[in-house]
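# Coordinate inspection notes
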Amino acid sequence: DAGVIQSPRHEVTEMGQEVTLRCKPISGHDYLFWYRQTMMRGLELLIYFNNNVPIDDSGMPEDRFSAKMPNASFSTLKIQPSEPRDSAVYFCASSRTGQGSSYNSPLHFGNGTRLTVT
Amino acid sequence: LAKTTQPISMDSYEGQEVNITCSHNNIATNDYITWYQQFPSQGPRFIIQGYKTKVTNEVASLFIPADRKSSTLSLPRVSLSDTAVYYCRNDMRFGAGTRLTVKP
């Protein structure tokens with residue numbers, strides 16, 4: 001089991017540029033989550049998918065952010081245009097359907113993408 | 001959505017038992033309580049999960065009282081490598097976490 005794979009590991013870009021973060025979940029997992037982590041705001045849930053369908057995107061900061069999951073083994077988080085306040089570590093996590101509710105199964109996190117927007 | 005509350009930080013010494021308590025007053029009937037550990041430059045890692053009473057694995061124990069409004073993560077005989085941030089979670093969102101520092 002390779003775990004959740006995220007790329008790139010680090011991304012440095014200039015304000016206004018488009019940024020695309022990528023995630024490969026663990027095979028067989030039907031939930032995929034995107035989180036953002038900063039010192040000020042901690043771990044924030046941005047969006048999550050179930051069976052490739054977006055279920056809750058209420059955490060997406062604004063229209064500049066978009067996420068897709070074209071198939072069970074790949075997801076992207078795109079920021080266009082990027083701004084310095086988007087600088088953070090972005091984590092992808094996956095899980096199987098859990099007991100009782102959709103979020104009871106333990107999450108498996110990737111090692112994140114550290115985004116710096118100058 | 002349910003909110004969790006934990007102490008911001010804790011200090012301990014090697015070999016001591018550490019107990020971190022999390023408050024989740026509005027936990028839903030179907031919710032489990034899950035604890036994660038996070039080291040710098042890594043994603044959070046699952047430690048333990050429970051619904052009620054006590055759960056123990058090779059890493060930690062989790063105590064959940066009958067009303068389920070709180071839970072306590074117990075780390076026996078901590079070492080320097082246990083220095084990390086610990087999060088409790090009972091829905092989609094994470095709380096602020098507890099930064100544990102283990103000193104020699």
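Residues numbered from 1 in each chain as written. Chains lettered and ligands numbered in written order. Predicted model: local features only at pLDDT ≥ 70, side-chain atom pairs only at ≥ 80, totals over all residues. Heavy atoms only, no water.

A word on unusual backbone geometry. Along the chain, Ser-7 of chain A connects to Pro-8 of chain A via a cis peptide bond; the corresponding omega equals -10°. Of note, Pro-8 of chain A is situated in the loop between strand S1 (5–7) and strand S2 (10–13). The amide bond that connects Gln-80 of chain A to the next residue, Pro-81 of chain A, takes the cis arrangement and shows omega of -10°. Mapped onto the elements of the fold, Pro-81 of chain A is located in the loop between strand S8 (74–79) and strand S9 (88–95). For Asn-52 of chain A, which is not a glycine, the phi torsion comes out positive at approximately 75°. Along the chain, the position of Asn-52 of chain A falls in the loop between strand S5 (42–50) and strand S6 (53–56). Judged by its relative accessible area of 29%, Asn-52 of chain A is partly exposed. Backbone geometry places Arg-77 of chain B, a non-glycine residue, at a positive phi of 50°. Locating Arg-77 of chain B in the fold gives a position in the loop between strand S7 (70–75) and strand S8 (84–89). (Helix = DSSP H or I, 4+ residues; strand = E, 2+ residues; numbered from the N terminus. Buried < 20%, exposed > 50% of the residue type's maximum accessible area, 1.4 Å probe, protein only.)

Residues and elements named next belong to chain A. Inspection of every chain in the model, using the stated rule, returns 9 salt bridges over all chains. A salt bridge links Lys-78 to Glu-18, with the shortest nitrogen-to-oxygen separation between them at 3.9 Å. Of this pair, Lys-78 sits in strand S8 while Glu-18 is found in the loop between S2 and strand S3 (19–24), placing the two residues 60 residues apart along the sequence. Among the residues examined, Lys-78 registers a relative accessible area of 30% and is labelled partly exposed. The partner of Asp-86 in a salt bridge is Arg-64, with the nearest N and O atoms 2.6 Å apart. You can see Asp-86 sitting in the loop between S8 and S9 and its partner Arg-64 sitting in the loop between S6 and strand S7 (65–71), a full 22 residues away along the chain. By relative accessible area, which is 1% here, Asp-86 ends up buried. With relative accessibility at 10%, the residue Arg-64 sits in the buried group. (Salt bridge = Lys/Arg side-chain N within 4 Å of Asp/Glu carboxyl O.)

Taken together, the contacts link 19 residues of chain B with 22 residues of chain A. Here chain B and chain A share an interface that buries about 1800 Å² over both sides, 52% of which is from carbon and sulfur atoms. For the chain B face of the interface with chain A, the top three residues by lost area are Tyr-32, Met-92 and Phe-94 of chain B, together amounting to 31%. Where chain B packs against chain A, one counts 0 salt bridges. Remark: the boundary between chain B and chain A carries 4 residue pairs in polar contact (both at pLDDT 80 or more). Looking at which element gives the most residues to the side of chain B that touches chain A, the answer is strand S3 (residues 33–38) of chain B, with 3 residues. Taken together, the residues that form the side of chain B that touches chain A break down as 7 nonpolar, 8 polar and 4 charged. (Contact = heavy atoms within 4.5 Å. Buried area = accessible area lost by both parts, 1.4 Å probe. Polar contact = N/O pair within 3.5 Å; in protein donor to acceptor, adjacent residues only side chain to side chain. Nonpolar A, V, L, I, M, F, W, Y, C, P; charged D, E, K, R; others polar.)

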